[in-house]
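Listed below are the residues making up each chain.
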Amino acid sequence: MAFGRDKIELRTLDQIRLMRRAGLVVADALAAARAAAKPGVTTGDLDAAAAEVIAAAGATPSFLGYYDYPATICTSVNEEVVHGIPGSRVLEAGDLVSIDCGAIVEGWHGDSALSLVLDDADPADVALSAVTEKAMWDGIAALWAGDGLADRLNVVGEAVEDAVDGSGVGYGIVEEYVGHGIGSQMHLPPDVLNYRVRERLTRLKPGMCLAIEPMITRGTIATETLADEWTVITADRSRAAHWEHSVALLPDGLFVLTAVDGGAAELGARGVPLASLD
Ligand code: MF3
Ligand code: CO
């Protein structure tokens, strides 16, 4: 493509309505995996719970087979940041578990992740997950500025960084993995950075659909990949959290496709209008 500028596809309202259907399947699958997560169950049990919901909805899991990825969800425990493969690992009290899930409906994708801490949680892990979730919502809400879309994609990384710095804890913002455009494929341009940059990023336009997904650690930003070639861990083995939603940018506001309420509560709290998909 000319000058290496990746074309960003804009979606029609009809396409965004299909993405909403995919988003709701992902929300249901994540709810099932979250409900299954308790000490004594395996990460494979969480995967089965999510897979069942996606199949029952007549949807397709997007991770399974993606570059030969072997499961429906990713389960990333404690020092694992993202892309942990579910299997025979037994969850324990105090584990910090990030669950990431994607599904396809009629060719359209949804992608979302959440973190949770099992019983006997370390308050520092609960705080890490809460700050990561807040950073995600602040990053989403920053896409809207007053009476219209914000100017450029830089606002996401700025808002995420402000939320993390504002916590007053010395967290690390992972830079090697970023959010992305989403739609007819899971990963599309543009990259959505979770940190501040000087250069001007993509101009925001109605019809863009983006996955916003900060990954925050209690220590370093440096990561390593395990021998399974998937599991990403922190280089200092500090614990990490990951939250993600897929969001549609529209002329009348934002719509969080993978949130059951479309983002009404969190967007409303930040003065951002919920777009109408009617
Ligand atoms: N869902 C991840 C993301 O948020 C990608 C998962 S990679 C896979 O971008 F191989 F597990 F699918
Ligand atoms: Co994603």
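Shown above is the structure to which this text applies.
Right, let's walk through the structure included here.

## Brief notes about the coordination of the cobalt ion (ligand 2)
For a metal bound by four donors in a tetrahedral arrangement, the ideal donor-metal-donor angle is 109.5 degrees, while six donors in an octahedral arrangement ideally sit at 90 or 180 degrees.
Phase 1 of the analysis: Distances from the cobalt ion (ligand 2) to its protein donors, Asp111 (OD), His180 (NE2), Glu213 (OE) and Glu244 (OE), fall within 2.0 to 2.3 Å.
Phase 2 of the analysis: Sequence spacing among the residues donating to the cobalt ion (ligand 2) works out to D-x68-H-x32-E-x30-E. Of this pair, histidine 180 sits in strand S9 (residues 179-181) while glutamate 244 sits in the loop between strand S15 (240-242) and strand S16 (245-250), and the two are 64 residues apart along the sequence. Glutamate 244 shares its class with histidine 180; the two are buried.

## Observations regarding the pairing of strand S11 (residues 209-212)
Phase 1 of the analysis: Side chains Cys209 and Ala211 project from S11 onto one buried face, and the interleaved Leu210 and Ile212 project onto a second face that is buried too.
Phase 2 of the analysis: Pairing analysis gives two bridges linking S9 to S11, with the strands arranged antiparallel. Across the sheet, histidine 180 pairs through a bridge with alanine 211, a residue of S11.
Phase 3 of the analysis: In terms of strand pairing, S11 meets S16 through four bridges, oriented antiparallel.

## Examining the site of ligand 1
Phase 1 of the analysis: Neighbouring residues of ligand 1: 13 residues in total, closest Phe63, Asp100, His187, Glu213 and Glu244.
Phase 2 of the analysis: In the model, an oxygen atom of ligand 1 is placed 2.6 Å from a nitrogen or oxygen of the histidine 187 side chain.
Phase 3 of the analysis: Within the complex, 97% of the 330 Å² of free accessible area of ligand 1 lies under protein.
Phase 4 of the analysis: When grouped by side-chain class, the residues that make up the shell around ligand 1 number six nonpolar, three polar and four charged.

## Thoughts on unusual backbone geometry
Phase 1 of the analysis: That bond from proline 189 to proline 190 is cis: its omega, 5°, falls within 30 degrees of zero.
Phase 2 of the analysis: Its location among the elements puts proline 190 in strand S10 (residues 188-192).
Phase 3 of the analysis: Even without being glycine, glutamate 106 reaches a positive phi, approximately 50°.
Phase 4 of the analysis: According to the relative accessible area criterion, glutamate 106 is exposed, its value standing at 57%.

## Re the sheet that holds strand S3 (residues 80-82)
Phase 1 of the analysis: A sheet is described by the order of its strands in space; here three strands give the open sequence S3-S14-S13, paired in antiparallel fashion. Strands at the two margins of the open sheet, each flanked by one partner only, are S3 and strand S13 (223-225). Taking each pair of neighbouring strands and ignoring which way they run, the sheet shows an average axis angle of 40°.
Phase 2 of the analysis: Bridge analysis of S13 against strand S14 (residues 232-234) gives three bridges, and the strand direction is antiparallel. Each residue of the ladder has a partner; that of threonine 223, found in S14, is threonine 234.

## Let's talk about the sheet that holds strand S8 (residues 172-173)
Phase 1 of the analysis: An order of S8-S12-S15 is seen for the three strands of this open sheet, with the pairing classed as antiparallel. Each of the sheet's edge strands pairs with one partner strand only, and the pair in question is S8 and S15.
Phase 2 of the analysis: Pairing geometry for strand S12 (residues 215-217) and S15, over three bridges, is antiparallel. The partner of isoleucine 216 across the bridge, within S15, is alanine 241.
Phase 3 of the analysis: Helix-sheet contacts for helix H3 (residues 123-141) involve S12 and S15, and the interaxial angle to S15 is about 35°.

## A look at the pairing of S10
Phase 1 of the analysis: With three bridges connecting them, S9 and S10 associate as antiparallel partners. When the sheet's bridge partners are listed, glycine 179 is paired in S10 with valine 192.
Phase 2 of the analysis: Here S9 folds back onto S10, and the loop between the two strands holds six residues.

## Things to note about the side chain of asparagine 194
Phase 1 of the analysis: In this fold, asparagine 194 is placed in the loop between S10 and S11.
Phase 2 of the analysis: Of the polar contacts made by the side chain of asparagine 194, one reaches the backbone oxygen of glutamate 213; its length is 3.3 Å.
Phase 3 of the analysis: Excluding residues within four positions of it along the chain, asparagine 194 makes contact with Gly157, Val160, Glu161, Ile173, Tyr177, Val178, Gly179, Glu213, Pro214 and Met215.

## A closer look at helix H4 (residues 154-166)
Phase 1 of the analysis: Under the 1.5 Å per step criterion, the end-to-end length of H4 is 18 Å for 13 residues, consistent within 8% with the ideal 18 Å.
Phase 2 of the analysis: Along H4, the residues classified as buried are Asn154, Val155, Val156, Gly157, Ala159, Val160, Glu161, Ala163 and Val164.
Phase 3 of the analysis: Two residues or fewer past H4, glycine 168 is found with a positive phi of approximately 75°.

## Describing the nonpolar core
For soluble globular proteins, nonpolar side chains are generally found buried alongside one another.
Phase 1 of the analysis: Residues Leu46, Ile99, Ile140, Leu143 and Leu254 are the most contacted members of the largest nonpolar core, which totals 66 residues.
Phase 2 of the analysis: Filtering out sequence-adjacent residues up to four positions away, isoleucine 99 remains in contact with Leu30, Ala33, Arg34, Leu46, Ile73, Cys74, Ser112, Ala113, Leu114 and Leu116.
Phase 3 of the analysis: Counting residues in each nonpolar core, the second largest holds twelve residues, with Leu18, Ala248, Phe255 and Leu257 among its members.

The rules behind the values
Once a new chain begins, its residue numbering starts again from 1 and follows that chain's sequence as written. Here the convention is simple: chains get letters from A, ligands get numbers from 1, in the order in which they are written. Whole-chain, interface and lining totals are the exception, using all residues; otherwise, since this is a predicted model, local features are given only for residues with pLDDT of at least 70 and side-chain atom pairs are given and counted only at 80 or more. Side-chain calculation: all heavy atoms of the structure are included, whereas hydrogens and water are not. The rule for donors is simple: an N, O or S atom within 2.8 Å of the metal counts, and for Na, K and Ca the reach is 3.2 Å. Water is not among the atoms, so a site may look short of donors. Secondary structure counts use DSSP, requiring at least four H or I residues in a row for a helix and at least two E residues in a row for a strand, with both numbered from the N terminus. The classification of residues rests on relative accessible area computed with a 1.4 Å probe and restricted to protein chains. Under 20% of the type maximum is buried, over 50% is exposed, and intermediate values are partly exposed. Only strands joined by at least two bridges in the DSSP assignment are considered to pair. Nearness is judged by heavy atoms alone; a residue qualifies as near a molecule or strand once a single heavy atom is within 4 Å of it. Under this definition, polar contacts are N or O atom pairs within 3.5 Å; protein pairs additionally need one hydrogen-donor-capable and one acceptor-capable atom, and for neighbouring residues in sequence, both atoms have to be side-chain atoms. Areas reported as accessible are Shrake-Rupley estimates using a 1.4 Å probe. Residue values count occlusion only from the protein chains shown. Gly is put with the polar residues, along with every residue not named as nonpolar or charged; the nonpolar set is Ala, Val, Leu, Ile, Met, Phe, Trp, Tyr, Cys and Pro, and the charged set is Asp, Glu, Lys and Arg. All axes here are fitted lines through C-alpha atoms, helices being fitted over the stretch that makes contact, and every angle between N-to-C directions spans 0 to 180 degrees. Whether two residues are in contact is decided by their heavy atoms: any pair within 4.5 Å suffices. Expected helix span is taken as 1.5 Å per residue step, with the number of steps being one fewer than the number of residues. Definition of nonpolar core: a set of buried residues of the types Ala, Val, Leu, Ile, Met, Phe, Trp, Tyr and Cys, connected through side-chain atoms within 4.5 Å.

What is shown is where atoms sit, not what they do.
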